[in-house]
Amino acid sequence: MESSGGDDGAPGRGPRVLVVGGGIAGLGAAQRLCRHPAFRHLRVLEATAAGGRIRSERSFRGVVEVGAHWIHGPSQGNPVFQLAAKYGLLGDKELSEENQRIDTGGHVALPSVSYASSGESVSLGLVVEMGHLYYRLIDQSREFLHAAEAPVPSVGEFLKKEIRQHASWTEDEETKKLKLAIKNFLNIEGLGIMDLVGPPRPVAPLLGKYTRGLPGAWTCTFSLGGYQGLTNCILASLPQDVMVFNKPVKTIHWNGSFQEAESPGEKFPVLVECEDGDCFPAHHVILTVPLGFLKEHLDTFFQPPLPAEKAEAIRKMGFGTNNKVFLEFEEPFWEPDCEHIQVVWEDTSPLEDTAPPLQDAWVKKLIGFLVLPSFKSAHVLCGFIAGLESEFMETLSDEEVLLSLTRMLRRVTGNPQLPAPKSVLRSRWHSAPYSRGSYSYVAVGSTGDDIDLLAQPLPADREKAQLQVLFAGEATHRTFYSTTHGALLSGWREADRLIALLDPQAQLHGPRL
């Protein structure tokens, strides 16, 4: 294997460090390390383009977020919010004290308008009633954190159990059916995978950002140029030769003794082999690739293989898909003050365990739309769809998606003449070869201990060269997994770990969440 490392690792010049992955975790780690004089020999290997699952695209005469959408908990305790404010990426509303003080409890705001599959509008009073029930039950599930043993195997099972007890409503059958349909919508909207999510336990805060939320309005977005403006600013702060693009990694060889012709006498414990055959020797590697990629390549990505305990943690943890579908209309069919459109399917219930074939029912998992406010001359809705249905949607053509959603909108609005959207744009995160999904979650059968196991550096053996392979990314942050601030904090954590190894007296700065 040809080495591509140059002579950066010569004795006395400091360690050679590689960061694998140029998402916000990798960029954050690189920025932190570059500020310390000991880390002059740093490279970030990125398979495609910087940003990772943060991806803003120019479309519809504006900017749309194909990846991460909101700052979850936009307040001073959130490092993403702090950086966005520092770089001037937020508007006055997002920066206001009022916006930062709002405490949503991790709950999504209720819709502006709710349509039923029968073509009738749903009473917002009914939606509010069921919303309050749903959020009360979610809050109750958090109490499992303090229980000696979780009473149910998943959050979804807990919700079903409690709803059965609440389902003795006195209204007519049609109203009962509608209430259950609204409840089913909220279950889907809450995460899309509730039956796969384990219950909170004392050793595992499984609802992550929901169990330890940060204050701030849930609708906080990057109004001045898109989310990717943040990663672009971090990227611009790095020395020009740090980033190496179009370098997907094939294998990480660790616990070895690798040499290169350009550095005679220098030995490196790690060698990063890329898909194009280039190899980069290093003293330390910070790995920030998504959990979905690790799951798919677990058997071949590490040589020697990972310790059995860490490999099993990767297998047990969940990695889900959440996609977006953007629809552009010639004219809006919604009211000027509408922000959020909900779609309720009256033939669905959270108490049902059987699922219809995906080709027949995938559109029912698309539970509603946000009205994008930032487009002056275009009228755009952003729909969200998660789970297996989201993955199935990726297999369809744009024409098939557009046809299905046009039929759905005509049905729920009760207007068979509703004009079809003029264009469609969608994400395909499950198909993306270097992501294979959108976000991590603690699945049934796993615990927060698995997150901690994933985050532990290699090797564990203190007799070997230390901190050869370090792990960062949202899936490695026990409290804020599935969030961009969790990813950023994890990158800082591993950078600080390396800095402390070389410079124990260093003053480390930044949030410790």
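In this text the structure is predicted, and so the values were computed from the model without any measurement.

About the cut-offs
Residues numbered from 1 in each chain as written. Predicted model: local features only at pLDDT ≥ 70, side-chain atom pairs only at ≥ 80, totals over all residues. Heavy atoms only, no water. Salt bridge = Lys/Arg side-chain N within 4 Å of Asp/Glu carboxyl O. Helix = DSSP H or I, 4+ residues; strand = E, 2+ residues; numbered from the N terminus. Buried < 20%, exposed > 50% of the residue type's maximum accessible area, 1.4 Å probe, protein only. Pairing = 2+ DSSP bridges. Core = buried A, V, L, I, M, F, W, Y, C linked by side-chain atoms within 4.5 Å. Domains from an automatic or database assignment. Contact = heavy atoms within 4.5 Å. Phe/Tyr/Trp six-rings, centres within 6.5 Å; stacked < 30°, edge-to-face > 60°.

1. Considering the pattern of salt bridges
Here's step 1: Tallied over the entire structure, the rule returns 21 salt bridges.
Here's step 2: Here Asp 496 and Arg 32 are joined by a salt bridge, their closest N and O atoms 3.0 Å apart. Of this pair, Asp 496 sits in helix 15 (residues 484–502) while Arg 32 sits in helix 1 (residues 24–34), and the two are 464 residues apart along the sequence.
Here's step 3: One salt bridge in this structure joins Glu 389 and Lys 365, with 3.0 Å as the shortest N-O distance.

2. Thoughts on the pairing of strand 7 (residues 249–253)
Here's step 1: With 4 of 5 residues buried, strand 7 is to be regarded as a mostly interior element.
Here's step 2: With 4 bridges joining them, strand 7 and strand 8 (residues 270–274) adopt antiparallel strand pairing. Of the residues in strand 8, the one forming a bridge with Ile 252 is Val 272.
Here's step 3: As judged from the 2 bridges shared by strand 7 and strand 11 (residues 302–303), these two strands associate in the parallel manner. Across the sheet, His 253 pairs through a bridge with Gln 303, a residue of strand 11.

3. A short note on the nonpolar core
Here's step 1: Core analysis: the largest hydrophobic core is formed by 42 residues, its most contacted members being Leu 33, Ile 71 and Phe 222.
Here's step 2: Within the residue set of this core, elements represented by two or more residues are strand 1 (16–20), helix 1, strand 2 (41–45), helix 2 (79–86), helix 8 (228–236) and helix 15.
Here's step 3: Broken down by element, the residue count for this core peaks at 7 residues, all from helix 15.
Here's step 4: Three or more residues apiece are contributed to this core by two domains, here domain 1 (16–56 + 223–318 + 436–502) and domain 2 (72–104 + 213–219).
Here's step 5: Apart from residues no more than four positions distant in its own chain, Leu 33 is found in contact with Val 17, Phe 39, Leu 42, Ile 286, Ala 495, Leu 498 and Ile 499.

4. Some thoughts on the packing of aromatic side chains
Here's step 1: Considering all chains together, one arrives at 10 aromatic pairs under this definition.
Here's step 2: Between the aromatic rings of Phe 293 and Tyr 434, the centroid separation amounts to 6.2 Å while the plane-to-plane angle is 40 degrees, which identifies the pairing as tilted. On the criterion of sequence distance, the pair formed by Phe 293 in helix 9 (residues 291–301) and Tyr 434 in the loop between strand 17 (423–426) and strand 18 (439–441) is long-range, its members being 141 residues apart.
Here's step 3: Residue class for Phe 293 comes out buried when judged on its relative accessible area of 5%.
Here's step 4: For Tyr 434, a relative accessible area of 26% translates into the label partly exposed.
Here's step 5: Judged by centre distance (6.2 Å) and plane angle (40 degrees), the rings of Phe 302 and Phe 471 are tilted. With Phe 302 in strand 11 and Phe 471 in strand 19 (residues 469–471), the pair connects residues that are 169 residues apart, well separated along the chain. The residues Phe 302 and Phe 471 share a single accessibility class, namely buried.

5. Side note on the side chain of Thr 251
Here's step 1: Relative to the helices and strands, Thr 251 is located in strand 7.
Here's step 2: On the basis of relative accessible area, Thr 251 is assigned to the buried category, the value being 6%.
Here's step 3: Thr 251 has contacts with Leu 271, Val 272, Glu 273, Thr 300, Phe 301 and Gln 303, leaving out every residue within four places of it along the chain.

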